[in-house]
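These are the residues of each chain, in order.
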Amino acid sequence: MSTLGQLSGSIAQNLGRVDDLTKWLIAVRADMLGKVAALKLSAEQVVEAKKKVAEFLDALAPVLEGKADGDNQQKLILKRLVDGGRQPTDYGSDFAGISSAMKSNIKLTAEQLNKVSEVVGYLQGEVAGEVRRLRSR
Amino acid sequence: MYSYQPLKADEVKFVLVGLHERLDACPRGSRDPVFMLDCLKERVEDIAVLYEAEEPAFRDPDFGLDGLNRLGAIMASLALIEEEYLPAVAHVTDEERALRLVFLGAVQRLGLHWIKDLVVHSSGNLAIFPKFFAVLDIPVVHVQANFLDKCLCLPGAFHEFGHSVFLKFVEFYNAMKAELAAHFDALRKAIGPVTEEQKKRLLEDLDEAQAYWTDSRLAELFCDLFAQYVAGCANMISMVDLSMGTGQPACDTDIQGYPPDAARVKVCEFALTPEQAASSEVKHLLADWERYAEVDRADSFYRDVCSEKLLRRFTIVVLELLPKLMPQTQRNVSLMPDIEAVLGPYDSLTLEEATQRAITVLMKRPDIYDSWWREARKKLA
């Protein structure tokens, strides 16, 4: 018997979330860059992507600010920020602001969006690691 | 000028095409997992469509880390198919084909109706990959080489099916978590008059013991109970084999992702009916195991995390929930079959019957086991 059953459940959950987040971020970035047409994205898709990324940030910000426990993925982001010598509280307050901007359709800066991409990158790296573990189980 | 991102984008495109071709080349006979192959191909095609739409972003440096993250996510999705599924569907042996049909019959009879297809891969370990992205309907079941030669391991297949059940019904996890919390809350409340320092230490110990029960360990314990529920005495004997056959200390609490073997054997013992527990086969083998396991000599951490009271709570809650959530799944409350009945004529054998009968013949007529099993396995349905 092996822990493959549990690994499978974890990969399914994490990969699904990362797949969605990376897709939405491409749409949000395209909107910021004025390149929505090049990716053949509709206005509705961009609105939906902003809404979903804002929801992700709304749930993450309190965890980074030490106001909530968070799920495993949010805890991972917190750990990676701490390990990397970043200030999680700064990211938390930035994310709250970025989420508000997205909901109000205020144009984001590249620097703001890069911070979101950075933490989504942590999740992407984690799920890639889980898939690699399939080879070495 | 060269840059990494378009280079990676080209590689991903190449991988997509290659994977599609490899899936196309898989055998599609009547005993092959055609439904699964169609699902895998559909997934690869969906990824290819998305890739094509997003490709300009991968080749535009303004998208920066977002392009890289997206390519990473696509590669992880493709790797899941390449690493887990492709080896299982590309080169299927006759035994794997036969086992696939046997397992498909078993999961349907056991009430795992959400499983639409499965593939068996003789990769060396008994295991299951139950969840493909968001769906549970096309698992890969891993078995040891020549799995059917190892009759004491046969009930392990039911443990693996249990992983799919555990993921399907979150109620099992929630109920086990609630029992865990209630058990340790009661212990916290029962702390008698001690100094503040002693109390702090006791509370820390209880927190540590409760935290020991990770989601993975709860899942494994559930799967043991599921196998016990459907395979009765045969599973009990298989659990004794699991503990004694590996030479691992029964009360070892350091196994990553698993409870100690002793706890796993104990919950199965608690799930026996009184008649099953009193049967000579089970009684004697459990006595052997008790001498081997030396649970009485386990350290205090084992006693904290695997107290009989807690293990009984887990057992009771799972046994209560199983008939409610899976009413079609029959509980095995029978004794090991009578040897005369086993040796009588029959047209076909289910996995559930074969498990009981093979262990019975191995126990009671080892002299004819080889010839009996050679015939019996041909009748597996």
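Residues numbered from 1 in each chain as written. Chains lettered and ligands numbered in written order. Predicted model: local features only at pLDDT ≥ 70, side-chain atom pairs only at ≥ 80, totals over all residues.

Observations regarding the overall build of chain B
Here is step 1: The helix and strand tally for chain B stands at 16 helices and three strands.
Here is step 2: The C-alpha extent of chain B, read off along each of the three principal axes, is 75 × 70 × 35 Å.
Here is step 3: A buried classification covers 43% of the 381 residues belonging to chain B.
Here is step 4: Here the analysis covers contacts within chain B between residues at least 6 apart in sequence; of these, 73% occur between residues at least 24 apart. (Helix = DSSP H or I, 4+ residues; strand = E, 2+ residues; numbered from the N terminus. Buried ≥ 20, exposed ≤ 12 C-beta atoms within 10 Å, placed from the backbone. Contact = placed C-beta atoms within 7 Å.)

Quick notes on the nonpolar core
Proteins that are soluble and globular tend to have nonpolar side chains buried together.
Here is step 1: Judged by nonpolar contacts, the single largest core of 150 residues is most densely connected at V53 and L57 of chain A together with F103, F222 and F226 of chain B.
Here is step 2: It is helix 8 (residues 215-245) of chain B that provides the largest number of residues to this core, a total of 18 residues.
Here is step 3: Excluding anything up to four places from it in sequence, L57 of chain A contacts F95, I98, S99 and V116 of chain A. (Core = buried A, V, L, I, M, F, W, Y, C linked by C-beta atoms within 7 Å.)

Quick look at unusual backbone geometry
Here is step 1: Non-glycine residue K40 of chain A carries a positive phi angle of around 55°.
Here is step 2: Residue placement: K40 of chain A occurs in the loop between helix 1 (4-33) and helix 2 (43-64).
Here is step 3: Although it is not a glycine, N146 of chain B sits at a positive phi angle of roughly 50°.
Here is step 4: Within the secondary structure, N146 of chain B is located in the loop between strand 3 (140-142) and helix 5 (156-168).

Description of the interface of chain A and chain B
Here is step 1: Listed per partner, the contact involves 35 residues of chain A and 36 residues of chain B.
Here is step 2: Taken together, the elements giving at least two residues each to the side of chain A that touches chain B come down to helix 1 and helix 5 (110-136) of chain A.
Here is step 3: Looking at the side of chain A that touches chain B, the element that brings in the most residues is helix 1 of chain A, giving 18 residues.
Here is step 4: A class-by-class count of the residues in the side of chain A that touches chain B yields 17 nonpolar, 12 polar and six charged. (Nonpolar A, V, L, I, M, F, W, Y, C, P; charged D, E, K, R; others polar.)

As for the domain arrangement of chain B
All names here are of chain B.
Here is step 1: Segmentation of chain B into domains returns domain 1 (4-149), domain 2 (159-325) and domain 3 (339-379).
Here is step 2: Taking only C-alpha atoms, the centre of domain 1 and the centre of domain 3 are 36 Å apart.
Here is step 3: Contacts between the two partners involve six residues from domain 1, matched on the other side by four residues from domain 3.
Here is step 4: Split by residue class, the side of domain 1 that touches domain 3 holds four nonpolar, one polar and one charged. (Domains from an automatic or database assignment.)

Some points on helix 15 (residues 351-364) of chain B
All names here are of chain B.
Here is step 1: The first and last C-alpha atoms of helix 15 sit 20 Å apart over 14 residues, in line with the 20 Å expected at 1.5 Å per residue.
Here is step 2: Among the 14 residues of helix 15, 10 are classified as buried, and the element is accordingly described as predominantly covered.
Here is step 3: Of the residues making up helix 15, those classed as buried are L351, E352, A354, T355, Q356, R357, A358, I359, T360 and V361.
Here is step 4: Each element contacted by the buried residues of helix 15 is listed here: helix 4 (94-109), helix 5, helix 8, helix 14 (339-343) and helix 16 (366-376). (Expected span 1.5 Å × (residues − 1).)

Examining the packing of helix 8 of chain B against helix 11 (residues 280-293) of chain B
Residues and elements named next belong to chain B.
Here is step 1: Where helix 8 contacts helix 11, the axes come no closer than 10 Å and their chain directions differ by 20°. Relative to helix 11, the element helix 8 is oriented roughly parallel. The handedness of the crossing between helix 8 and helix 11 comes out as left-handed. In this structure, helix 8 uses C233, M236, I237, V240, S243 and M244 to contact helix 11, whose residues at the interface are E281, V282, L285, L286, W289, Y292 and A293.
Here is step 2: Of the residues in the contact of helix 8 with helix 11, the class split is 11 nonpolar, one polar and one charged. (Axes fitted to C-alpha atoms, helices over the stretch in contact; angles between N-to-C directions. Parallel < 35°, antiparallel > 145°, perpendicular 65-115°, else oblique. Left-handed = near helix turned anticlockwise from the far one by under 90°.)

A closer look at the environment of I11 of chain A
Here is step 1: Locating I11 of chain A in the fold gives a position in helix 1.
Here is step 2: As for I11 of chain A and E130 of chain A, which are separated by 119 residues in sequence, their C-alpha atoms are 6.5 Å apart.
Here is step 3: What I11 of chain A contacts, discounting residues up to four positions off in sequence, is V127, E130 and V131 of chain A together with L80 of chain B.

A closer look at the sheet that holds strand 1 (residues 119-121) of chain B
Residues and elements named next belong to chain B.
Here is step 1: What the three strands build is an open sheet, ordered 1-3-2; its pairing is mixed. With one partner strand each, in any of the chains shown, strand 1 and strand 2 (127-129) form the two edges of the open sheet. Taking the axes of each pair of neighbouring strands and ignoring which way they run, one obtains an average angle of 25° across the sheet.
Here is step 2: As paired strands, strand 2 and strand 3 are joined by three bridges and run antiparallel to one another. Residue pairing in the sheet places F129 in a bridge with V140 of strand 3.
Here is step 3: Its contacts with the sheet put helix 4 on strand 1 and strand 3, and the angle it makes with strand 1 is roughly 135°. (Pairing = 2+ DSSP bridges.)

Let's talk about the packing of helix 8 of chain B against helix 9 (residues 261-270) of chain B
Residues and elements named next belong to chain B.
Here is step 1: Running from N to C, helix 8 and helix 9 cross one another at 115°; their axes reach a closest spacing of 8 Å. For helix 8 against helix 9, the interelement crossing comes out left-handed. In contact with L221, D224, L225, Q228, N235, M236, M239, V240, L242 and S243 of helix 8, helix 9 contributes D261, A263, R264, V265, V267, C268 and E269.
Here is step 2: Within the contact of helix 8 with helix 9, the residues separate by chemical class into 10 nonpolar, three polar and four charged.

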